[in-house]
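# Architecture and fold: a report
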Amino acid sequence: MEVIKSFVTIAPPEIVTIKKAAPEYIRLIIFSSRRRKKQLYNPDLMLSVMILILYDSCTGNTQAMAEAIAQGAREAGAKVFLKVLDDATFDDLIKADAIIWGCPTYFGMMTAKMKKFVDHSNDIWGELDTKIGAAFTSSGGISGGNETALFSLIQAMLIHGMLVTSLPGRYGVVAIGKPDTKTLENCAKLGRRVASLLRT
Ligand SMILES: Cc1cc2nc3c(=O)[nH]c(=O)nc-3n(C[C@H](O)[C@H](O)[C@H](O)COP(=O)(O)O)c2cc1C
């Protein structure tokens, strides 16, 4: 507030008018952010929305992440479909209100199996427009390309016209090897966040 007050004293009159209204806007922003957080942790606000969590996993690390994301989304009241890539159909994507997909980092990218699925999803291009999306990956080590892998997953969502979200300060959730407690917490947070965005 102090910053705004001191700005008001030096600003020309027309700017002063706008700046005087600023505290109201600030109150509004704070209020909606608090309300959003309240909604985020209120499982009583049941949802009729469906979140598809789709994963590829060879040795179980990405699968553990997917399960934690599903748990978080369910806690927030969402209906969740947890699907391994081999069993997923494009109809699953179309039916979902939000899609959270993930796979291991292979050579700094999504796995070939995931890429094949993504390439074929061109058949339903347009159907995923404006759905909410988020991504996760498991990798062998730091600086081994997990962020580029995440981004390859996000890019595909963007090409579909999806509205990509994440946790603040991250492209998505990343695990190094077997996800530890902190990573699993972040996975659950991502699930809760996506569920909260679907509330009207
Ligand atoms: C073919 C192959 C390529 C990989 N490439 C990378 C890589 O580029 N960077 C990395 O950090 N880890 C890499 N890894 C390690 C996996 O990302 C890591 O073991 C991951 O946790 C496996 O996930 P999953 O248990 O869900 O299969 C690679 C593993 C395989 C089998």
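Further up the page is the structure itself.
Described in the following lines is the structure provided in the data block.

Here is what the cut-offs are and how they apply
- Residues numbered from 1 in each chain as written.
- Predicted model: local features only at pLDDT ≥ 70, side-chain atom pairs only at ≥ 80, totals over all residues.
- Helix = DSSP H or I, 4+ residues; strand = E, 2+ residues; numbered from the N terminus.
- Buried ≥ 20, exposed ≤ 12 C-beta atoms within 10 Å, placed from the backbone.
- Contact = placed C-beta atoms within 7 Å.
- Axes fitted to C-alpha atoms, helices over the stretch in contact; angles between N-to-C directions.
- Parallel < 35°, antiparallel > 145°, perpendicular 65-115°, else oblique.
- Left-handed = near helix turned anticlockwise from the far one by under 90°.
- Nonpolar A, V, L, I, M, F, W, Y, C, P; charged D, E, K, R; others polar.
- Core = buried A, V, L, I, M, F, W, Y, C linked by C-beta atoms within 7 Å.
- Near = placed C-beta within 6 Å.
- Pairing = 2+ DSSP bridges.

On a plain count of helices and strands, the protein comes out with seven helices and six strands. Going from the N terminus to the C terminus, the protein shows its helices and strands as α-α-β-α-β-α-β-α-β-α-β-β-α. Out of the 200 residues in the protein, the part that is buried amounts to 36%. Long-range contacts, defined here as pairs at least 24 residues apart, represent 77% of the contacts in the protein between residues at least 6 apart.

Here we come to the packing of helix H3 (residues 61-75) against helix H7 (residues 181-197). In contact at an axis separation of 7 Å, H3 and H7 are set at 45° when each is read in the N-to-C sense. It follows that H3 is oblique to H7 by the angle criterion. When you trace H3 past H7, the crossing you get is right-handed. Here Met65, Ala68, Ile69, Ala70, Gln71, Gly72, Ala73 and Glu75 of H3 come into contact with H7, specifically with Leu184, Cys187, Ala188, Lys189, Leu190, Gly191, Arg192, Val194 and Ala195. Of the residues contributing to the contact of H3 with H7, the split by class is eleven nonpolar, three polar and three charged.

Attention shifts here to the nonpolar core. Residues Ile51, Ile53, Ile69, Ala73, Ile100, Cys187 and Val194 are the most contacted members of the largest nonpolar core, which totals 47 residues. Among the elements of the structure, strand E1 (50-55), H3, strand E3 (98-104), helix H5 (112-120), strand E4 (132-139), helix H6 (146-159), strand E6 (173-176) and H7 are those that each provide at least two residues to this core. Leaving out residues up to four positions away in the same chain, Ile100 has contacts with Ile51, Ile53, Ile69, Ala134, Phe136, Leu190 and Val194.

Residues in contact with the ligand amount to 20 residues; listed here are only the nearest, Asn61, Thr62, Pro104, Gly140 and Gly144. Ranked by residue count, the leading element in the shell around the ligand is H3, at three residues.

Attention now goes to the pairing of E4. Among the eight residues that make up E4, eight are buried, leaving the element largely enclosed by the rest of the structure. Along E4, one buried face is formed by Ile132, Ala134, Phe136 and Ser138 and the opposite face, lined by Gly133, Ala135, Thr137 and Ser139, is buried too. Inspection of the sheet shows E3 paired to E4 by seven bridges, in the parallel sense. Within E4, the residue paired with Pro104 across the bridge is Ser138.

It is worth spelling out the environment of Gly108 at this point. Residue placement: Gly108 occurs in the loop between E3 and H5. Residues Gly108 and Asn146, spaced 38 residues apart in sequence, show a C-alpha to C-alpha distance of 5.9 Å. Discounting chain neighbours no more than four positions away, the residues touching Gly108 are Gly145, Thr148 and Ala149.

Mapping Lys189 onto the fold places it in helix H7. Residues Lys189 and Gln71, 118 residues apart in the sequence, show an inter-C-alpha distance of 9.5 Å. Residues in contact with Lys189, not counting those within four places in the same chain, are Gly72 and Leu167.

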